[in-house]
Amino acid sequence: MKKIILGLAISLGSLAFAQEKTEAQSKSPITFGVKGGMNISSHTNGNEDNYYWSKYERNAKIGFNAGVFINIPISGKFSVQPEILYNGLGTKVESSINFDIPLARMDNKETLSLSYLSVPVMLQYNLLPELYVEAGPEFGFLLGGRSKGDFTQTSNIDGSSSTQSYSDKISMSLFNKFNFGIGIGTGYYFTQNLAVTARFTAGLTNVYNYGNSDAVRNNALQIGLAYKFK
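Residues numbered from 1 in each chain as written. Predicted model: local features only at pLDDT ≥ 70, side-chain atom pairs only at ≥ 80, totals over all residues. Heavy atoms only, no water.

Points about the overall build of the protein chain
- A tally of regular secondary structure across the protein chain gives 1 helix and 10 strands.
- Counting helices and strands in the order they occur from the N terminus, the protein chain gives α-β-β-β-β-β-β-β-β-β-β.
- Split into buried and exposed, the 230 residues of the protein chain put 36% on the buried side.
- Surface exposure of the protein chain reaches about 13500 Å², of which carbon and sulfur atoms provide 63%. (Helix = DSSP H or I, 4+ residues; strand = E, 2+ residues; numbered from the N terminus. Buried < 20%, exposed > 50% of the residue type's maximum accessible area, 1.4 Å probe, protein only. Areas by Shrake-Rupley, 256 points an atom, 1.4 Å probe, with all protein chains shown as cover.)

Below, the structure written as structure tokens:
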């Protein structure tokens, strides 16, 4: 009789422990997901206007990002989220230069598109079950890019002009193949699986392989959606 009671007690205890463990795991499981959205990217200014350019302006361009992530809970409200993303960055450039021979002005409107494989590692904190904030490093690896635009030469004598368009792959040797930045962001899950996300990443490394004393860096605002498989 004692053995039966002891057996029942052990069985009930094991079931209770198993249920408690299962519930604990179900509250904070490791989850996988996909995400994507729009990039509003730009480059910080160098000092090109101090050289022979009479005008050199960098402006934002639109790109996109897409990839996968894994969310790993590490405590009740904290989790780590590594991601692997295709990241379309770059900038738009408007520049002008004046020539004495011939007496003319050259205007250039260029879109520089750079493709990166990015690996952000975000530490997330849940302010609410549906709302989180995040911060962490992002590692990027340059895949390639393209420079596209128009040169317009205008005579300073009679005002006549001619325009030439171009679209070329970038010379990889001119660019830093590694990009490092720090990201901060937030996200809100308006369903159990689907979230709207926003993140700003400030680059810390030079985009180019020259001019380290006057580095040009990537900046990007990312707005998109994330879908978590549960």
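Topic: the side chain of N219
- Here N219 lies in strand β10 (residues 218-229).
- A distance of 3.5 Å separates a polar atom in the side chain of N219 from the backbone nitrogen of G203.
- The contact partners of N219, leaving out residues within four places of it in the chain, are I40, S41, S42, T44, F200, T201, A202 and G203. (Polar contact = N/O pair within 3.5 Å; in protein donor to acceptor, adjacent residues only side chain to side chain. Contact = heavy atoms within 4.5 Å.)

Some details on the packing of aromatic side chains
- All chains considered together, the criterion is met by 8 aromatic pairs.
- An angle of 35° between the planes, with centres 5.1 Å apart, marks the rings of F64 and Y86 as tilted. Here F64 is found in strand β3 (residues 61-73), whereas its partner Y86 is found in strand β4 (residues 78-99), with 22 residues between them in sequence.
- Its relative accessible area of 48% is what places F64 among the partly exposed residues.
- Judged by its relative accessible area of 28%, Y86 is partly exposed. (Phe/Tyr/Trp six-rings, centres within 6.5 Å; stacked < 30°, edge-to-face > 60°.)

As for the nonpolar core
- Core analysis: the largest hydrophobic core is formed by 11 residues, namely L89, L112, L114, Y116, L142, I170, F175, V207, Y208, V216 and A220.
- Setting aside residues no more than four positions away along its own chain, V207 makes contact with H43, L114, Y116, F175, N176, V216, R217 and N218.
- With 5 residues, the next largest nonpolar core counts F69, Y132, A195 and A226 among its residues. (Core = buried A, V, L, I, M, F, W, Y, C linked by side-chain atoms within 4.5 Å.)

With respect to a nonpolar patch on the surface
- A cluster of nonpolar side chains, I30, F32, V34, V68, I84, L117, F141, L143, F178, Y227 and F229, forms an exposed patch at the surface whose accessible area comes to about 1000 Å².
- Put simply, the parts of the chain that give the nonpolar patch at least two residues each are β1 (31-43), β6 (131-155) and β10.
- Position of Y227 among the secondary structure elements: in strand β10.
- Judged by its relative accessible area of 34%, Y227 falls in the partly exposed class. (Patch = residues over 30% accessible without salt bridge, like charges linked within 9 Å, V, L, I, M, F, W, Y side chains within 5 Å. Salt bridge = Lys/Arg side-chain N within 4 Å of Asp/Glu carboxyl O.)

Observations concerning the pattern of salt bridges
- Summed over the entire model, instances satisfying the criterion amount to 5 salt bridges.
- For E94, the salt bridge goes to K55, with nearest N and O atoms at 3.4 Å. Separated by 39 residues along the polypeptide, E94 in strand β4 and K55 in strand β2 (residues 55-59) bring together distant segments of the chain.
- Between E83 and R199 there is a salt bridge whose closest N-O contact spans 2.8 Å. Placement of E83 in strand β4 and of R199 in strand β9 (residues 194-203) is noted, with a sequence separation of 116 residues between them. Neither residue differs from the other here; E83 and R199 are each classed as buried.
- Where salt bridges share partners, they join K35, E83, E134 and R199 into one cluster.

Some remarks on the pairing of strand β8 (residues 178-189)
- On β8, burial follows the alternation: N179, G181, G183, G185, G187 and Y189 on one face are buried, whereas F178, F180, I182, I184, T186 and Y188 on the facing-out side are not.
- As judged from the 11 bridges shared by β6 and β8, these two strands associate in the antiparallel manner. Looking at β8, one finds that F141 is bridged to F178.
- Pairing of β8 with β9 involves 9 bridges; the strand directions are antiparallel. Counted as the bridge partner of G185 is R199 from β9. (Pairing = 2+ DSSP bridges.)

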